[in-house]
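Commentary on secondary and tertiary structure
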Amino acid sequence: MKTRRNFIKLTALGSAAVFTSSCLTSEKENVSDSKLQKDIKKPIVVSTWNHGLEANEASWKILSKGGSALDAVEAGVKITESDPNNTSVGLGGLPDRDGKVTLDACIMDHENNCGAVACLQDIENPISVARKVMEDTQHVMLVGEGAKQFALEKGFKETNLLTEKSKQAWEKWKEESKYQPVINSENHDTIGLLALDENGNLSGACTTSGMAYKLHGRVGDSPIIGAGLFVDNEVGAACATGMGEAVIRIAGSAIVVELMRNGMSPTDACKEAVNRVVKKHKDLTNLQVGFLALNKFGESGGYSVYAGFNYAIHTATQNEMIDAKYNREW
Ligand code: SD4
């Protein structure tokens, strides 16, 4: 909706927003409501990896009808969580080394409200539990048994998330690895999804089963606000995928948003965050990390340590995959 209120909000953003959009920078003082609104590419939804295409479709159903970014991000990632063929998120996610599927997820809206769950078992849609934590409690994060108990109290159904395919993969891994957790480049398929709605509001969601065959109790970056996901409605939103430990070490998604606040484009901000990951790690073997960002003007970009990271963008005209730029070849 092109309301006066939105215009005022976005003009207020102007002072903080001289930062990025080349098309708006010089005109920000005198720009008319219609011009300002026209230059912002919205609604728009972006998400990580190939499964992002399907997730984007679900988000788009909401965004294209004027729905909220918050509803859109939840609906989008739920598709991936409920897909048994995706072995890195929700149902069918590869288990930890004890054979337990433990899920991490978080969600954040345009008012800095946020909710998260970590090491949650037996619940198919952790993102919806994270949203309940955000909306129905005074807390930001619930973990383990407490998170499960909360989910059951809220009416979520207990589900066995270990599919036959994931169980077989785990059994094979046990034979070969002798129960030693391995860190490798496979299974980096977390979904992070960011949306800008018709009202110019941003939200984000991130959800994963984490690193395959991790130690029981290990939590990655994905449910941690500021690491796997961050949203600041004045500036933009960012999410991360890949080796969570490396993302946490540099407060990855928060850094990407701050870099955009200071004037960088989404791609450049992601690139700078990747450079920090590279600089802070002596051993980059198998250390894949990718960042995806969307700014307040509907501009997006991604960057990764190694080649191979891609993301999906849905605008009014198309839903397409983009190969992110990267720091190095494998
Ligand atoms: C984690 N960042 O648990 C997640 C894994 C991931 O794509 O992103 N995979 O460390």
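Below is a short write-up of the structure. A quick note: this is a predicted structure, and the numbers were derived from the prediction, not measured. (Residues numbered from 1 in each chain as written. Predicted model: local features only at pLDDT ≥ 70, side-chain atom pairs only at ≥ 80, totals over all residues. Heavy atoms only, no water.)

Next up on the list: a nonpolar patch on the surface. A surface patch of nonpolar side chains, amounting to about 230 Å² of accessible area, comprises Val-140, Met-141 and Val-143. In this fold, Met-141 is placed in strand E4 (residues 141-143). (Patch = residues over 30% accessible without salt bridge, like charges linked within 9 Å, V, L, I, M, F, W, Y side chains within 5 Å. Areas by Shrake-Rupley, 256 points an atom, 1.4 Å probe, with all protein chains shown as cover. Salt bridge = Lys/Arg side-chain N within 4 Å of Asp/Glu carboxyl O. Helix = DSSP H or I, 4+ residues; strand = E, 2+ residues; numbered from the N terminus.)

Turning to the packing of helix H6 (residues 126-136) against helix H7 (residues 144-153), a few remarks are in order. Orientation of H6 relative to H7, taken along the N-to-C sense of each, is 85°, at an axis distance of 10 Å. Considered as vectors, H6 and H7 are oriented roughly perpendicular to each other. Taken together, the residues of H7 that come into contact with H6 (itself represented by Val-129, Lys-132 and Val-133) are Ala-147, Phe-150 and Ala-151. In terms of residue class, the contact of H6 with H7 is built from 5 nonpolar, no polar and 1 charged. (Axes fitted to C-alpha atoms, helices over the stretch in contact; angles between N-to-C directions. Parallel < 35°, antiparallel > 145°, perpendicular 65-115°, else oblique. Contact = heavy atoms within 4.5 Å. Nonpolar A, V, L, I, M, F, W, Y, C, P; charged D, E, K, R; others polar.)

A word on unusual backbone geometry. The omega torsion across Lys-42 and Pro-43 is -5°, close enough to zero to call that bond cis. When you line up the elements, Pro-43 lands in the loop between helix H3 (33-39) and strand E1 (44-48). Even without glycine at this site, Asn-112 takes up a positive phi of about 65°. In this structure, Asn-112 sits in the loop between strand E2 (103-108) and strand E3 (114-120). Positive phi values are uncommon outside glycine, yet Asn-286 reaches one of about 60°. Within the secondary structure, Asn-286 is located in the loop between helix H11 (266-280) and strand E9 (289-295).

Okay, the packing of aromatic side chains next. Given two aromatic rings, their pairing is described by the distance between the two centres and the angle made by the two planes. Here the structure, examined in full by the defined rule, presents 4 aromatic pairs. Relative to Trp-330, the ring of Tyr-306 has its centre 4.0 Å away and its plane inclined at 10°; by these criteria the two rings are stacked. Here Trp-330 lies in the segment after strand E13 (325-328) and Tyr-306 lies in strand E10 (residues 300-306), a separation of 24 residues in the sequence. Its relative accessible area of 52% is what places Trp-330 among the exposed residues. Grouped by ring-pair contacts, the aromatic residues Trp-49, Phe-309 and Tyr-311 constitute a single cluster. Over the ring of Trp-170 we find Lys-174, and its NZ or CZ is 3.8 Å from the ring centre. (Phe/Tyr/Trp six-rings, centres within 6.5 Å; stacked < 30°, edge-to-face > 60°. Buried < 20%, exposed > 50% of the residue type's maximum accessible area, 1.4 Å probe, protein only. Lys NZ or Arg CZ within 6 Å of the ring centre and 35° of its normal.)

What follows deals with the environment of Leu-103. Locating Leu-103 in the fold gives a position in strand E2. The spatial distance from the C-alpha of Leu-103 to the C-alpha of Ile-123 is 8.4 Å, given a sequence separation of 20 residues. Excluding residues within four positions of it along the chain, Leu-103 makes contact with Gly-90, Val-117, Ala-118, Cys-119, Leu-120, Ile-123, Pro-126, Leu-161, Thr-208 and Ser-209.

Running from amino to carboxyl end, helix H10 (residues 252-261) crosses H11 at an angle of 135°, the nearest separation of the two axes being 9 Å. Judged by the inter-axis angle, H10 sits oblique to H11. Here H10 and H11 pass one another in a crossing that is right-handed. Side by side, H10 and H11 meet where Ile-255, Val-256, Leu-259 and Met-260 of the first sit next to Pro-266, Ala-269, Cys-270, Glu-272, Ala-273 and Arg-276 of the second. Its residues assigned to classes, the contact of H10 with H11 shows 8 nonpolar, no polar and 2 charged. (Left-handed = near helix turned anticlockwise from the far one by under 90°.)

This next bit is on the sheet that holds strand E8 (residues 236-242). The strand order across the open sheet built from 5 strands is E7-E8-E9-E10-E13, with neighbouring strands paired in mixed fashion. Bordering the open sheet on either side are strand E7 (229-232) and E13, each of which pairs with just one other strand. Averaged over all pairs of adjacent strands, the angle between their axes in this sheet comes to 15°, without regard to strand direction. As paired strands, E8 and E9 are joined by 7 bridges and run antiparallel to one another. Directly across from Thr-241, in E9, lies its bridge partner Gly-290. Strands E7, E8 and E9 of the sheet are contacted by H10, whose axis makes an angle of about 145° with E8. Sheet contacts for H11: E9, E10 and E13; angle to E10, the most-contacted strand, approximately 20°. (Pairing = 2+ DSSP bridges.)

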